[in-house]
Amino acid sequence: MLAQFGFGVFVLTFLLALFSVGAAVVGYFDKSDRWVEAARRAMLLTFPLITLAVLTLAYLLVTGHYELQYVYSVTSNVMPFYLKITALWGGQAGSLVLWSWLMSAFASAVTLRKWDRDRDLLPWVIVVTSVTLAFFLSLSILYENPFARWWQTTAGDFVARMFAPAGAIAVTPADGQGLNPLLRHPGMIIHPPMLYLGFVAFVIPYAFAIAALVTGRSDDRWIRLTRRWTLVAWLFLSIGLVLGMRWAYDVLGWGGYWAWDPVETASLMPWLAGTAFLHSVMIQEKRGMFKQWNMLLIILTYALVIFGTFLTRSGVFSSVHAFAQSAIGPMFFAFIGITFVTSVALLIYRWKDLRAEVEMKSLFSREALFLLNNLLFMGVLIVCFWGVIFPLISELVTGQKVTVGPPFYLRANGPLFGALLALMGIAPLSAWGRSTYKTLGRALWKPFIPTAIVPVVLAVMGVHNWIALVGFTLIAFVIFVTLFEFWRGARSRQNKQNENFLVALWRLAGRNRRRYGGYLIHLSMVVMAIGILGIEVYQTTTQKTLAVGEDIQIAGYTLRYDSLAQFPYTDGRIVTRAVISVFRGGKFLGDIYPRYDYYTPSGQPMTIAGVRSTLADDLYVVLVNWENVSEAQAPFKVYHNPLVNWLWIGSLMFIFGFLVAAWPEREQEKREGKI
Amino acid sequence: MKTKIIFLLTIYFLLLAAALIPSVAVSAQQPTPSDDQVNAIARQLYCPVCENTPLDVCPTTACHQWRELIRQMLAEGKSEAEIKQYFVDYYGARVLSEPPRTGINWLVYVVPPVAFLAGVTLLFRAFQTWKRVAKEPVTGVDDSSSPGSGPGPAEGSGTAADEEYVARLEEELKKRK
């Protein structure tokens, strides 16, 4: 009964979303405020309605209504309460519901603002958000219905349908399969909502861009209005990506955080386009240039957001043929195609209105360097896009499956990331407008001197790998430039205003938080780069079967196998846990507990690495459960991951830098009417 | 006589044994290949059944057997290339971590650099147009073509630049007040 109610609410919301599209279009062309207001109210109503449906689904999940296929597939009796709640987005159908819910929440938040002088944009913002919402709702209603229940047909098969097939009997299983053990990790519980928050928030700047194109407004109002949305989208997408990395590191037992898996790469692509957008809108705000390019970037970001959801949700990676079998794939494909072509057509239609107000004056100006930054991000994006879709093309054309794995991405993206680091060092020293290589050179030489010492010191310390040498030197360069920028700004204030250096630094950052927060974000990125370089260049690994008391050596550490124990856990797992003692130079450092969990209802094993983590390195020990494990002897795979912790430290710094850059400034906001 | 024959036979067998010992020792020096040797190859291969899972970390039974197969082939003295080729012959090119450089697969390597170079060219040409447009009204500002002028740390120009920087910074901060 509740399931039918939830489904009914879905259908109603879908119709409302369609109505709001129609009303907004009529309102725009008839210049009727009443129709636009009707569209707005319909839009606003979708949020409480979807919330009602989500609460219904949550209730069904928590109370174990296993007659519903979705509830059956993601929950079970032994699962704790909080996991039953998170099961809401633990499966395909639920995650699409989450998409719709967030879309409707964000769209409502936007339509609630005071529109005053931007009222002409309103109908088209409603159209774009409602069309997106209606699309995702239609997927839930037609193909991935979380409210579908189990039936047994006359032929004896079990099928999941909303309504009874002819002659079928309703069946209710006593217990469910439970959430995929891989998804029971804190990182994985928060990772999808974060990623989706980022994905959906990017729809808002896109909606305003389209509204600006349709209404023919060529100023940067749409950018200023949605700056906060863009930043928030970017923040959540970044956090989502980092959580995904952490999850992979903790749960997969592969020794690394990123494997260039197509699903990972698909979620990175919108981030790349979004990051390029975030940089290039600054040029439009400052100089009134690159209006067409910014439009193109936000259109691309939106397309990649939908494309990323499509790639991870359509099963297209297992096979292009699986894609053709499920109707959800072609639906996505058509939606991406239609929205992309329409958006680009609109852009071409307005192309001439969006010409730059001033021309580029120098190759060394900040705007030129920003453009170079965009080129590099687009380069990485092309590599990722091509690497992800090539296997599909190959399978379609030749019928042969191929894998595009890490060597391809590392070779192609490595130099591009290096160039981005170099640019991150140079660009902050350039000026807007006229900046010659002389002025740039004058600004560069001071931070350049300490940078030049870095490779020498590193080489003396024994770093001879040239990738590491170049990488760490570039990282040092960015750090010196950024610190120099803080120092130089604070010094000049100190002299002018007679302030104490620290006060000067504080006021400087406070007055232009966007810039100095941005610098902090740059710093966090290079701190992350330290971790990435460390593990990519210097990771070592070894595997050995050990009898109790035997040891394994890696990177100066000795790891001794002490004991193994097996015990059941309250949530139905059977845990097998080894105890490993770590020594260095004969000194005992601590114990590591690698383990594997065997989930009884689903029969799925999980390998959880034991990790000893310091700022210098991680010892990452996997109890290799896929080989023969016994109390007397067990196989262990050990990874030595130098510097990897800096990746996570950098991620935390990133959030701090972001808060500095984006924390609301109340008075100014009110004046500018930001949302 | 008899003792002589026994003596000679003993010598013979001792010599034979001595001749055999090195070969016995050689085969004893070839123990079963270690996990690390197996993983070094398995890491470069992808599981033929699971999606995008490297063979050295894949927990399925099938993959366990494949790793044992690698071990066996290594013990037989097969080279890394031969072992990889064996897997390609049996399970197709998808077991490799990159598409083999043949036929249509060349596209995977050619398209990204071509697209990137196209971007560079486009940007470079755009820069040139902009520079021409910009040069017309502002004359003699850009002297970047003059040779031999490094980032001169000349005191005078340095302070001038510093003052310019301070002025710009102040202006920017004022704007934001």
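Residues numbered from 1 in each chain as written. Chains lettered and ligands numbered in written order. Predicted model: local features only at pLDDT ≥ 70, side-chain atom pairs only at ≥ 80, totals over all residues. Heavy atoms only, no water.

Undergrad: Quick rundown of the overall build of chain B? Include the residues and the values.
TA: What chain B contains, in helices and strands, is six helices and zero strands. Sequence-ordered secondary structure for chain B, helices as α and strands as β, is α-α-α-α-α-α. Burial status across chain B gives 28% buried among its 177 residues. In chain B, the share of contacts with a sequence separation of at least 24, taken over all contacts with a separation of at least 6, comes to 45%. Accessible surface, chain B as shown: approximately 11,300 Å² in total, 64% of it carbon and sulfur. (Helix = DSSP H or I, 4+ residues; strand = E, 2+ residues; numbered from the N terminus. Buried < 20%, exposed > 50% of the residue type's maximum accessible area, 1.4 Å probe, protein only. Contact = heavy atoms within 4.5 Å. Areas by Shrake-Rupley, 256 points an atom, 1.4 Å probe, with all protein chains shown as cover.)

Undergrad: Could you give me a rundown of a nonpolar patch on the surface, with the residues and numbers involved?
TA: Taken together, the side chains of Trp-445, Phe-448, Ile-449, Ile-453, Val-457 and Met-461 of chain A define a hydrophobic patch exposed on the protein surface, amounting to about 610 Å² of accessible area. With respect to the secondary-structure elements, Met-461 of chain A resides in helix α16 (residues 437-461). (Patch = residues over 30% accessible without salt bridge, like charges linked within 9 Å, V, L, I, M, F, W, Y side chains within 5 Å. Salt bridge = Lys/Arg side-chain N within 4 Å of Asp/Glu carboxyl O.)

Undergrad: I'd like a description of the sheet that holds strand β2 (residues 158-161) of chain A, backed by residues and values.
TA: Residues and elements named next belong to chain A. An order of β2-β1-β3 is seen for the three strands of this open sheet, with the pairing classed as antiparallel. Each edge of the sheet is formed by a strand with only one pairing partner; in this case those strands are β2 and β3 (169-170). Looking at chain direction, strand β1 (residues 149-152) and β2 are connected through four bridges and run antiparallel. Bridged to Trp-151 within β2 is Val-159. (Pairing = 2+ DSSP bridges.)

Undergrad: Outline the packing of helix α17 (residues 466-497) of chain A against helix α19 (residues 513-538) of chain A, listing residues and values.
TA: All names here are of chain A. Remark: α17 packs on α19, axes separated minimally by 10 Å, with the N-to-C direction vectors making an angle of 165°. Put simply, α17 runs roughly antiparallel to α19. Seen along the crossing, α17 lies across α19 with a hand that is left-handed. Residues Ile-467, Ala-468, Gly-471, Phe-472, Ile-475, Val-478, Ile-479, Thr-482, Glu-485, Phe-486 and Gly-489 of α17 pack against Tyr-516, Tyr-519, Leu-520, Leu-523, Val-526, Ala-529, Ile-530, Leu-533, Val-537 and Tyr-538 of α19. (Axes fitted to C-alpha atoms, helices over the stretch in contact; angles between N-to-C directions. Parallel < 35°, antiparallel > 145°, perpendicular 65-115°, else oblique. Left-handed = near helix turned anticlockwise from the far one by under 90°.)

Undergrad: Quick rundown of the pairing of strand β6 (residues 557-568) of chain A? Include the residues and the values.
TA: Residues and elements named next belong to chain A. As judged from the four bridges shared by strand β5 (residues 551-554) and β6, these two strands associate in the antiparallel manner. Within the sheet, the bridge partner assigned to Ile-552 lies in β6 and is Leu-559. Remark: two residues form the turn of the hairpin made by β5 and β6, two consecutive strands paired antiparallel; Ala-555 in that turn has positive phi of roughly 45°. When β6 meets strand β7 (residues 573-584), the two strands line up antiparallel, connected through 11 bridges. Looking at β7, one finds that Leu-559 is bridged to Val-582. As consecutive antiparallel partners, β6 and β7 are separated by four residues, and within that stretch Gly-572 has a phi angle of approximately 95°, a positive value.

Undergrad: Provide a residue-level description of unusual backbone geometry, including the pertinent values.
TA: Residue and element names in this part refer to chain A. At Trp-260, a position not held by glycine, the phi torsion is positive, near 55°. Structurally, Trp-260 can be placed in the loop between α9 (221-252) and α10 (262-287). Of note in the backbone geometry, Phe-290 takes a positive phi value of approximately 60° without being a glycine. With respect to the helices and strands, the residue Phe-290 is situated in the loop between α10 and α11 (291-313). For Phe-290, a relative accessible area of 8% translates into the label buried.

Undergrad: Account for the pairing of strand β9 (residues 595-599) of chain A, with residues named and values stated.
TA: Across a regular strand the side chains alternate sides, sitting on one face of the sheet and then on the other. All names here are of chain A. Here β7 runs beside β9; their pairing, made up of five bridges, is antiparallel. Pairing of Ile-574 across the sheet is with Tyr-598, part of β9. In terms of strand pairing, β9 meets strand β10 (residues 604-608) through five bridges, oriented antiparallel. Counterpart to Tyr-598 in the pairing with β10 is Pro-605.

Undergrad: Let's hear about the nonpolar core: which residues, and what values?
TA: Residues and elements named next belong to chain A. If you look at the biggest cluster of nonpolar residues, it comprises 162 residues, and the most contacted ones within it are Trp-99, Phe-208 and Trp-222. A per-element tally of this core places α9 first, with 15 residues. Val-454, Leu-458, Tyr-516 and Leu-520 belong to the second largest nonpolar core, which has 23 residues in total. (Core = buried A, V, L, I, M, F, W, Y, C linked by side-chain atoms within 4.5 Å.)

Undergrad: So, the confidence of the model for chain A: which residues are in play, and what are the values?
TA: Confidence in the prediction of chain A, expressed as mean pLDDT, is 89, and 96% of residues score 70 or more. Mean pLDDT per element in chain A: helix α21 (residues 666-672) of chain A is the minimum at 53, and helix α1 (residues 2-29) of chain A is the maximum at 96. (pLDDT = per-residue confidence, 0-100.)

Undergrad: Can you tell me about the packing of helix α2 (residues 35-42) of chain B against helix α3 (residues 61-75) of chain B, naming the residues and giving the values?
TA: All names here are of chain B. At a minimum axis distance of 9 Å, the contact between α2 and α3 shows a crossing angle of 110°. Here α3 runs roughly perpendicular to α2, going by the angle between their axes. Crossing angle aside, the handedness with which α2 passes α3 is right-handed. Here Asp-35, Gln-37, Val-38, Asn-39, Ile-41 and Ala-42 of α2 come into contact with α3, specifically with Arg-67, Ile-70, Arg-71 and Leu-74. Looking at the contact of α2 with α3 residue by residue, the classes come out as five nonpolar, two polar and three charged. (Nonpolar A, V, L, I, M, F, W, Y, C, P; charged D, E, K, R; others polar.)

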